[in-house]
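Topology and contacts: notes
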Amino acid sequence: MRFLTLLSTVAAAATFGFAAAQEAARFGSVSVSPCPFTGGQDVTITYNATTAASAGHQPEFVDFFIQGTFADTGNPTPQILLQRNDFGADQVILTSDITIPEAINNLGASNWNVLASITFEQDGLNLTGGIFSSC
Ligand SMILES: *[C@@H]1O[C@H](CO)[C@@H](O)[C@H](O)[C@H]1NC(C)=O
Ligand SMILES: *[C@@H]1O[C@H](CO)[C@@H](O)[C@H](O)[C@H]1NC(C)=O
């Protein structure tokens, strides 16, 4: 029941489909407000580790990136690091007020989204996985 709810929420919110729903189930969720945003804007980014923790992927670190789409080629831009964060063993929510760098307005790109990349320990290894926001 809970899985179906998550799946339909993600499917309704975005064009990502099943793969994104799987990522959300494993790596948590991230949202950004306002959305969409451009360079120079103040935004609030919220990462929620609930589903990641349930899957045994409690983050040690949560890194926020942004990624857009180049207007001329339609290719994705590089991932631009905004902020690295430690994440507590019992922490669930991370909220961060960030000013988006003005310089992204010079890249000829739009459709910016936030990527939360998490690092977690499993089987004695440090693994990473990521989840995108969607407007
Ligand atoms: C975090 O995500 C869980 C699972 O989707 C949800 O039940 C909970 O309300 C969320 N917490 C916040 C503060 O958004
Ligand atoms: C995982 O990362 C943490 C923090 O950097 C480090 O202390 C630990 O040794 C790493 N574990 C492995 C297996 O690399």
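Criteria and thresholds
- Residues numbered from 1 in each chain as written.
- Chains lettered and ligands numbered in written order.
- Predicted model: local features only at pLDDT ≥ 70, side-chain atom pairs only at ≥ 80, totals over all residues.
- Pairing = 2+ DSSP bridges.
- Helix = DSSP H or I, 4+ residues; strand = E, 2+ residues; numbered from the N terminus.
- Core = buried A, V, L, I, M, F, W, Y, C linked by C-beta atoms within 7 Å.
- Buried ≥ 20, exposed ≤ 12 C-beta atoms within 10 Å, placed from the backbone.
- Contact = placed C-beta atoms within 7 Å.

Our next topic: the pairing of strand E6 (residues 109-122). On a regular strand, one side chain projects to one face of the sheet and the next to the other, so that they alternate. Pairing between strand E3 (residues 61-70) and E6: 9 bridges, direction antiparallel. Paired with Ile 66 across the two strands is Val 114, which belongs to E6. The pairing of E6 with strand E7 (residues 125-132) spans 8 bridges and is classified as antiparallel. Bridged to Phe 120 within E7 is Leu 127. Counted along the chain from E6 to the antiparallel partner E7, the turn is 2 residues long, and its residue Asp 123 has a positive phi close to 55°.

Ranked by size, the top nonpolar core spans 23 residues in total, and within it Val 30, Ile 45, Tyr 47, Val 62, Val 114, Ala 116 and Ile 118 carry the most contacts. The set of elements that each furnish at least two residues to this core consists of helix H2 (18-27), strand E1 (29-33), strand E2 (42-48), E3 and E6. The element contributing the most residues to this core is E6, with 5 residues. Beyond its immediate sequence surroundings of up to four residues, Ile 118 is in contact with Phe 27, Gly 28, Ala 52, His 57, Pro 59, Phe 61, Val 62, Thr 128 and Gly 129.

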